[in-house]
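A look at the structure
Okay, here's what each chain looks like letter by letter:
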Amino acid sequence: MASPPNMLERRELGNTGLKLSCVGFGASPLGNVFGPISEDEALATVREAYRRGINFFDTSPYYGGTLSEKVLGKALKALGAPRQDYIVSTKCGRYIEGFDFSAERVTRSIDESLARLQLNYVDILQCHDIEFGSLDQVVNETIPALQKLKEAGKIRFIGVTWTFGFFTFVLGCHLALWTFCHHIATTSINDSTLEDLIPYLKSKGVGIIAASPLAMGLLTESGPPEWHPASPELKSACQAAAVHCKERGKNISKLSMQYSLSNKDISSVLVGMNAIRQVEENVAAAIELATAGKDGETLSEVEAILKPVKNQTWPSGIQQR
Ligand code: NAD
């Protein structure tokens, strides 16, 4: 269903019936992952996101060692909005102490997450970065445990964050499929490796959510955080692309958001935000895309700059603390 041109579009997530705002709120920055953010700033940023039509919020117990969940919970409560008006996803199996996809741990995990989020249920619970666990355990132990949580009404849908090559094994076991940072390729200009998989995922009714459209800060004017695990070659190509845009009066982040958002098979593009200004810019980028279309010329120029590092990724999970 088309949204009015001045409003943030909503897209259905696979066959879940959930309608997500095409720009989703990635809450890892609320755990100070990209630098410190005060609680007041965090609450104001979430409020602005909701005010501007963002209804989808994603977190994990891993982000900031549970801080992201706590702060997001406070911010959502402060909205005073009806619970059914926003969609919350969190994760299980990855913690600051390490990975644990056992049934016992993920069952305990959701209760801890719900307490931190101050919610009775989450809309989506995802196994967080299953490439670090045993696939056998995820399929035969974790997913069945999550199905019990669904029956208990603590979660509505199940998802996974996965690494390329693993996903087909668990595809039949979940409704909402999550993309791991390395494989959001269709959503970031420098990496489009997911593209070939989309028809298959769609044929299974799997919802696709994309994360890190700004490649965790690589595709921003200010550049990535110090801990960013990309190679120096990839970092410098992204920096060159950012400079190129700036010299032409364009903004690399806006271009990147619009690139990711233009793939309509992706239900929501989760971008990490820690300032009201970022919310304004990212929502404006989506509305401008819907009304005026993509900046094809600048996009081609940037793609040419990034060609030598196209689809280059980094070794493993994010070094988030
Ligand atoms: P991202 O690509 O969204 O980049 C975030 C960075 O960009 C932050 O430093 C933020 O301050 C900055 N930023 C945001 N909007 C900006 C703008 N308009 N201009 C300039 N800078 C801007 O990376 P991310 O935060 O890692 O990913 C987004 C979300 O996706 C996460 O918060 C998380 O919810 C989810 N995610 C999940 C997984 C997983 O489950 N495996 C992996 C990565 C991300």
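Think of each chain on its own: its residues are numbered from 1, step by step along the sequence as written. Where totals are concerned, whole chains, interfaces and linings use all residues; where local detail is concerned, this predicted model gives features only for residues with pLDDT of at least 70, and gives and counts side-chain atom pairs only at 80 or more. Just so you know, side-chain values use all the structure's heavy atoms and leave hydrogens and water out.

Looking at the side chain of Ser109
- Starting at the N terminus, helices and strands are each numbered in turn, a helix being any DSSP run of H or I of at least four residues and a strand any DSSP run of E of at least two. Among the structural elements, Ser109 can be located in helix H3 (residues 103-117).
- On the basis of relative accessible area, Ser109 is assigned to the buried category, the value being 0%.
- Contacts between residues were defined by any pair of non-hydrogen atoms, one from each residue, lying within 4.5 Å. Non-local contacts of Ser109, meaning those with residues more than four positions away in its chain, are made with Pro61, Lys91, Cys92 and Tyr95. Burial classes follow relative accessibility: with a 1.4 Å probe on protein chains only, a residue under 20% of its type's maximum area counts as buried, one over 50% as exposed, and anything between as partly exposed.

Let's talk about H3
- Taking 1.5 Å of rise per residue, 15 residues should cover 21 Å, and H3 covers 21 Å from first to last C-alpha, within 8% of that figure.
- Just downstream of H3, Gln118 is the residue with a positive phi angle, here 60°. Multiplying one less than the number of residues by 1.5 Å gives the expected span of a helix.

Here we look at the pattern of salt bridges
- Criterion for a salt bridge: a side-chain nitrogen of Lys or Arg within 4 Å of a carboxyl oxygen of Asp or Glu. For the structure shown, the criterion picks out 21 salt bridges.
- One salt bridge connects Arg116 with Glu69, and the closest N-O pair in it is separated by 2.7 Å. In this pair, Arg116 sits in helix H3 while Glu69 sits in helix H2 (residues 67-79), placing the two residues 47 residues apart along the sequence. The pair Arg116 / Glu69 is uniform in exposure class, with both members buried.

Thoughts on the packing of H3 against helix H4 (residues 135-151)
- Relative orientation of the contacting elements H3 and H4 amounts to 35°, with a least axis distance of 9 Å. As for the relative orientation of H3 and H4, their crossing is right-handed in sense. Here Ala103, Val106, Thr107 and Ile110 of H3 lie close against H4, whose contacting residues are Glu141, Thr142, Ala145, Leu146 and Leu149.
- A per-class count over the contact of H3 with H4 returns six nonpolar, two polar and one charged. Every axis in this analysis is a line fitted to C-alpha atoms, fitted for helices over the stretch in contact. Angles between the N-to-C directions lie between 0 and 180 degrees. By definition, any crossing whose near helix is turned counterclockwise from its far helix by less than a right angle is left-handed, and any crossing with a clockwise turn is right-handed. We call Asp, Glu, Lys and Arg charged. Ala, Val, Leu, Ile, Met, Phe, Trp, Tyr, Cys and Pro are nonpolar, and the rest, Gly among them, are polar.

Regarding the layout of surface pockets
- In this analysis the probe radius is 1.4 Å and the grid spacing 1 Å, with only protein atoms considered; a cavity is a set of points the probe fits into but cannot get out of, a pocket is an open set with protein on both sides within 12 Å along at least five of seven lines, and lining residues have an atom within 4 Å of a point. Grid points are joined across faces, edges and corners, and a volume is the space filled by probe spheres set on the points. Empty space within the second largest pocket amounts to approximately 150 Å³.
- Every residue lining the second largest pocket is listed: Leu218, Thr220, Glu221, Ser222, Gly223, Pro224, Lys235, Ser236, Gln239, Ala242, Val243 and Lys246.
- In the lining of the second largest pocket, the residues fall into four nonpolar, five polar and three charged.

Geometric descriptors of this kind do not, in isolation, establish any biological role.
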